[in-house]
Amino acid sequence: MISNRLRQVRENRLISKAELARKAGISQLTIARVEKGISCRKETMRKILAALGLRPWEKEKIFPQG
């Protein structure tokens, strides 16, 4: 399990799981799993960061250990 701040950041930006999933091109189930700390592929991390308007080098804002 990987500790992350995805849920906190998503909720602070008032974005639903469904909206984030749509923007990232991944499933809501994947978003839910990542928020619970289940590890994901680097490509999934990149898609989530891009959907939040973040660059790959800003990943520490969401995935501090990834």
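As a starting point, this report considers the structure included with it. (Residues numbered from 1 in each chain as written. Predicted model: local features only at pLDDT ≥ 70, side-chain atom pairs only at ≥ 80, totals over all residues. Heavy atoms only, no water.)

**Focus on the nonpolar core**
Then step 1. L6, L20, I31, I48, L52, I62 and F63 are the most contacted members of the largest nonpolar core, which has 17 residues in total.
Then step 2. It is helix α4 (residues 42–51) that contributes the most residues to this core, four residues altogether.
Then step 3. Beyond its immediate chain neighbours, meaning those up to four positions away, L6 contacts L20, I31, V34, E35, I48, L52 and I62. (Core = buried A, V, L, I, M, F, W, Y, C linked by side-chain atoms within 4.5 Å. Buried < 20%, exposed > 50% of the residue type's maximum accessible area, 1.4 Å probe, protein only. Helix = DSSP H or I, 4+ residues; strand = E, 2+ residues; numbered from the N terminus. Contact = heavy atoms within 4.5 Å.)

**Considering the pattern of salt bridges**
Then step 1. Under the defined criterion, the tally for this structure stands at seven salt bridges.
Then step 2. The salt bridge involving K17 is made with E35; its shortest N-O contact spans 3.9 Å. Placement of K17 in helix α2 (residues 17–24) and of E35 in helix α3 (residues 28–35) is noted, with a sequence separation of 18 residues between them.
Then step 3. For the salt bridge of E58 with K61, the shortest nitrogen-to-oxygen distance reads 3.0 Å.
Then step 4. Salt bridges linked by common partners bring R7, R10, E11, K17 and E35 together as one network. (Salt bridge = Lys/Arg side-chain N within 4 Å of Asp/Glu carboxyl O.)

**Focus on α2**
Then step 1. Regarding α2, the residues found buried are L20, A21 and A24. What you see down the axis of α2 is that its buried residues fit within an arc of 100°, all on one side.
Then step 2. Residues of α2 that are buried make contact with α1 (6–12), α3 and α4.
Then step 3. At the exit of α2 stands G25, carrying a positive phi of roughly 75°. (Arc of directions from axis to C-beta.)

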